[in-house]
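Commentary on secondary and tertiary structure
One letter stands for each residue in the lines below.
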Amino acid sequence: MNDLELVERFQKGDEAAFNELVHRYKDKVYWTARRFLQDHDEADEVVQQSFLKAYKGLKTFRSDSGVFTWLYRITVNTALNVLRKQRAREFLGIDELTSESGPESDRPDEQYERGEEQALVEEAIRRLPEKQRAVFVLRFYDQLSYEEIAEILNTSVGGLKANFFHAMRKIEEYVKSVHGS
Amino acid sequence: MGHDHIEQRLTDLVTGGLADGEKNEVQEHLDSCPLCRERLASLRKTIAVLEQSRHSKVPEGYFGTILPRLRQRIDRPGGLRSLLDFRWPHLAAPIGAAILVTGLLTAIPSANQGTRNLAAATRGLEAGDLADVYFDELQITPLATTPPEDLAKGAVSGLDLSKGLLEVMLDENVMQELKTVDELDEEEIEIILRRLETRTLL
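Remember, it's a predicted structure, so these values are computed and weren't measured experimentally.

1. Topic: the overall build of chain B
When helices and strands are tallied, chain B shows 12 helices and zero strands. In sequence order, the secondary structure elements of chain B are arranged as α-α-α-α-α-α-α-α-α-α-α-α. Sorting the 202 residues of chain B into buried and exposed places 22% on the buried side. The long-range share in chain B, meaning contacts at least 24 apart out of those at least 6 apart in sequence, stands at 75%.

The structure is reproduced here in structure tokens:
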């Protein structure tokens, strides 16, 4: 059964159809969120929120775009909101008061466990502006085409190519600055 | 083809984003350009480092827990399933907005945070997210910085809390980023109230 058939069944009241959609896309949604936020717990919350939003939105979903593209858009927007909330928290000084553990990159023992290279990449990605981060994750990790990303982020292919290029360049520069040339 | 033009294409070349015709064009340039070959080698090193990051660890059995937890949030009494069929009373909108605005007012940093720009920090946030930031702060900050309860109650009962009043109290630039009773739509109010369900402020 394809995605749209599942949506139709869900709209007619079949809850199992929604479960099947979750089963199909949970891995992709998680990894997109994880690579975007570089943190398992935050990625997990994005997964939950994204599927809750999808549950609500599917009731009136129209097949203008594929379910997959639509779900990606929800995930990216939800992850973006988490990033913006982090910014607001940092501004309000909340994290300084409470984050004994903090984001993964702040914990040297975990950095060691995860390996230097991985910690290096995570930090490089964390330093990217949000749009470049989104394009980088969808293009490099999820290996989506520029056309698919353009549909998800509602932007032009030309702009995406420039964003991806600049993201790669920044990551390369950061890696070099740590490793040495 | 010049260096500037080729550099973007090198990124696409190593990540598989070029069509065959474009690949040939880039390859022709590379054959005659040591500088671009050097750039390509450097880029490939970075890609090799990035490839290693594809395999982040996930807690064992994690993916099996996603659906049960999701269903719990959907199916519980007062969960999403029941909320989808519920219509909030008309007064819920101004009450919810007043709570949100009060939260924002009391969460605005004091002078020790200098000239940092609240507007920039809150730009792009949805109403529900603003509410979350505030209520998270209520739960985790020391009591000394938590807004007095009577202030919150006062604002909730003050349904005439208007944009004009807020404009007097807030910097104009900050005001542009905030949503008031007039600006919040039904869905945003619903989000805020749903989140408030689990809070104890009221």
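There's more to say after this.
2. Here we look at the overall build of chain A
When helices and strands are counted, chain A shows 10 helices and zero strands. For chain A, the succession of helices and strands along the chain, N to C, is α-α-α-α-α-α-α-α-α-α. Residue burial in chain A is summarised as follows: out of 181 residues, 39% are buried. Put simply, of all contacts in chain A between residues at least 6 apart along the chain, 63% involve residues at least 24 apart.

3. Some thoughts on the packing of helix α7 (residues 116–126) of chain A against helix α10 (residues 157–179) of chain A
Residues and elements named next belong to chain A. The N-to-C vectors of α7 and α10 enclose an angle of 135°; their axes lie 9 Å apart at closest approach. Considered as vectors, α7 and α10 are oriented oblique to each other. In the packing of α7 onto α10, the handedness of the crossing is right-handed. Each of Leu120, Ala124 and Ile125 in α7 lies in contact with α10, whose residues at this interface are Ile171, Tyr174, Val175 and Val178. Looking at the contact of α7 with α10, its residues break down into seven nonpolar, no polar and no charged.

4. Quick word on unusual backbone geometry
All names here are of chain A. The backbone of glutamine 143 sits at a positive phi, close to 55°, despite the residue not being glycine. Along the chain, the position of glutamine 143 falls in the loop between α8 (130–141) and α9 (146–153). Of note, asparagine 154 is a non-glycine position whose phi angle comes to about 55°, a positive value. Mapped onto the secondary structure, asparagine 154 falls in the loop between α9 and α10. Residue asparagine 154 is classed as exposed on the basis of its C-beta count, with 7 C-beta atoms lying within 10 Å.

5. Examining the packing of α9(A) against α10(A)
Residues and elements named next belong to chain A. Running from N to C, α9 and α10 cross one another at 105°; their axes reach a closest spacing of 9 Å. In terms of orientation, α9 lies roughly perpendicular with respect to α10. For the pair formed by α9 and α10, the contact residues are Tyr146, Glu147, Ile149 and Ala150 on the first element and Val157, Leu160 and Lys161 on the second. Of the residues that constitute the contact of α9 with α10, the class distribution is five nonpolar, no polar and two charged.

6. Side note on the nonpolar core
Residues and elements named next belong to chain A. With 46 residues, the main nonpolar core has Ala33, Val47, Leu71, Val135, Phe136, Leu138 and Ala167 as its most contacted residues. Counting only elements with at least two residues in this core, the list comes to α1 (3–11), α2 (15–37), α3 (40–58), α4 (67–92), α7, α8, α9 and α10. Examining the composition of this core, we find that eight residues originate from one element, α2, more than from any other. Both domains that meet at this core, namely domain 1 (1–99) and domain 2 (107–181), each give it at least three residues. For alanine 167, the contacting residues outside a window of four places in its chain are Leu128, Gln132, Val135 and Phe136.

7. Concerning the confidence of the model for chain B
Residue and element names in this part refer to chain B. When pLDDT is averaged across chain B, the result is 62; 36% of the residues are at 70 or more. No element of chain B has a lower mean pLDDT than helix α10 (residues 163–169), which averages 39, and none a higher one than helix α4 (residues 62–75), which averages 92. A low-confidence stretch, residues 86–91 (pLDDT under 50), is modelled with three contacts involving residues beyond four sequence positions or located in other chains. Within the model, the stretch residues 137–176 combines pLDDT values under 50 with 41 contacts to residues more than four positions away or in other chains.

8. Considerations on α3(A)
If you check α3(A), its first and last C-alpha atoms are 26 Å apart, about what 19 residues at 1.5 Å a residue would give, namely 27 Å. If you check which residues of α3(A) are buried, you get A:Glu42, A:Ala43, A:Asp44, A:Val46, A:Val47, A:Gln49, A:Ser50, A:Phe51, A:Ala54 and A:Tyr55.

The rules we used
- Residues numbered from 1 in each chain as written.
- Chains lettered and ligands numbered in written order.
- Predicted model: local features only at pLDDT ≥ 70, side-chain atom pairs only at ≥ 80, totals over all residues.
- Helix = DSSP H or I, 4+ residues; strand = E, 2+ residues; numbered from the N terminus.
- Buried ≥ 20, exposed ≤ 12 C-beta atoms within 10 Å, placed from the backbone.
- Contact = placed C-beta atoms within 7 Å.
- Axes fitted to C-alpha atoms, helices over the stretch in contact; angles between N-to-C directions.
- Parallel < 35°, antiparallel > 145°, perpendicular 65-115°, else oblique.
- Left-handed = near helix turned anticlockwise from the far one by under 90°.
- Nonpolar A, V, L, I, M, F, W, Y, C, P; charged D, E, K, R; others polar.
- Core = buried A, V, L, I, M, F, W, Y, C linked by C-beta atoms within 7 Å.
- Domains from an automatic or database assignment.
- pLDDT = per-residue confidence, 0-100.
- Expected span 1.5 Å × (residues − 1).

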